[in-house]
Amino acid sequence: MPRSHIDHIAVTAPSLQSGAEFVHSQLGVMPLPGGEHPRMGTHNLLLRLGESVYLEVIAIKPDTAAPGRPRWFGLDTLTVGTPPRLATWIARSSDILASAAASSEVLGQVEPMSRGALNWKITVPQDGALVLGGIAPALIGWEPGTHPATRMQDLGLALIGLELFHPEPERITALLHSLDMHGPVSVSALAAGATPYLVAHIDTPQGPRRLSGCQRF
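Residues take numbers from 1 onward in each chain, read along the sequence in its written order. Only residues with pLDDT of at least 70 are given local features in this predicted model, and only at 80 or more are side-chain atom pairs given and counted; all residues enter the totals for whole chains, interfaces and linings. Only hydrogens and water are removed before side-chain values are computed, so all heavy atoms of the structure are retained for them.

### Things to note about the packing of aromatic side chains
Pairing of aromatic side chains here covers Phe, Tyr and the six-membered ring of Trp, requires ring centres within 6.5 Å, and sorts the geometry by plane angle: under 30 degrees stacked, over 60 edge-to-face, intermediate tilted. Summed over all chains, the structure comprises three aromatic pairs. On the numbers, 5.1 Å between centres and 50° between planes, the contact of W120 with W142 is tilted. In this pair, W120 is assigned in strand 7 (residues 118-124) and W142 in strand 8 (residues 138-142), connecting sequence segments 22 residues apart. Judged by relative accessible area, W142 falls into the buried class, the value being 15%. Helical segments are the DSSP runs of H or I of at least four residues, strand segments are the runs of E of at least two, and each set is numbered from the N terminus. For every residue, the accessible area (1.4 Å probe, protein chains only) is compared with the maximum for its type, and the residue is labelled buried under 20%, exposed over 50%, or partly exposed between those bounds.

Rendered as structure tokens:
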């Protein structure tokens with residue numbers, strides 16, 4: 001079975017501007033222009049966090065026709081006043097079909113996607129929702145030699161670790177094991193009924209910072 005690694009973390013926002021301001025307030029760095037996802041009617045901003053790791057701010061692209069299906073990452077549920085947050089993460093696999101089949105959780109259909117000259121495959125639930133509240137990753141498989149982090153400007157940021165908080169930690173641990181996950185990912189327990197969230201620990205030019213999906217951070 002192929003190994004999986006952290007590929008990128010995703011901040012969802014009602015607009016790229018609000019998402020960029022959120023990232024800047026937490027990390028002291030503004031994300032840089034990314035591009036558009038024609039199949040989903042979305043666009044993004046990006047920050048390099050390592051040689052093959054990055055941060056994505058993603059939002060619905062204004063004045064774009066609806067894709068005729070639920071958009072990914074739960075973006076259709078956001079309103080103008082929804083606060084941006086670290087909503088989920090994406091795990092890279094060299095064989096996305098094998099990883100999706102081995103997963104202890106249903107992560108969605110494997111679908112082709114593109115952004116400019118980049119092409120990849122990614123798991124997308126039919127309802128567009130975040131699996132396990134965003135704690136379960138989407139799986140991604142890049143075409144060889146096309147990882148976008150290699151093309152991003154290095155602003156001195158690096159992902160130190162990703163914490164996954166969930167009321168069923170054993171379930172999350174089993175999921176990571178089924179994906180043969182490698183990298184700095186840890187699981188912590190929450191009280192029954194608590195809302196799952198993620199915390200990314202990121203080294204920045206101003207020192208270590210924390211980016212969270214929980215509003216109390």
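### Side note on the sheet that holds strand 9 (residues 158-166)
In this description, strands pair whenever DSSP reports at least two bridges between them. Taking strand neighbours across the sheet as the criterion, the four strands line up as 11-9-12-13 in an open arrangement whose pairing is mixed. Looking along the sheet, the strands with just one partner apiece sit at the ends: strand 11 (185-189) and strand 13 (207-212). If you compare each strand with its neighbour and ignore which way they point, the axes differ by 20° on average. In the sheet, strand 9 pairs with strand 11 via five bridges, with the strands oriented parallel. Each bridged residue has a counterpart across the sheet, and for H166 the counterpart in strand 11 is A189. Any two residues whose heavy atoms approach within 4.5 Å are treated as being in contact. Simply put, an axis is a line fit to the C-alpha atoms, just over the touching stretch for a helix, and the angle between two N-to-C directions goes from 0 to 180 degrees. In the packing of helix 3 (residues 169-178) onto the sheet, the strands contacted are strand 9 and strand 11, and the crossing angle to strand 11 comes to about 160°.

### Notes on the nonpolar core
Within soluble globular proteins, side chains that are nonpolar generally end up buried alongside one another. Only buried residues count toward a nonpolar core. Its members are Ala, Val, Leu, Ile, Met, Phe, Trp, Tyr and Cys residues joined through side-chain atoms within 4.5 Å. By size, the foremost hydrophobic cluster in this structure holds 40 residues, and its most contacted members are I9, L55, W89, L162, L164, I202 and L211. For this core, the secondary structure elements donating two or more residues are strand 1 (4-12), helix 1 (16-27), strand 3 (42-50), strand 4 (53-60), strand 5 (85-93), strand 9, helix 3 and strand 12 (197-204). If one sorts the elements of this core by residue count, helix 1 sits on top with five residues. With sequence-adjacent residues up to four places away left out, I9 is seen in contact with L49, Y54, L55, E56, L86, T88, W89, L162, A200, I202 and L211. One finds W120, A138, I140 and M152 within the second-largest nonpolar core, a separate group that totals 19 residues.

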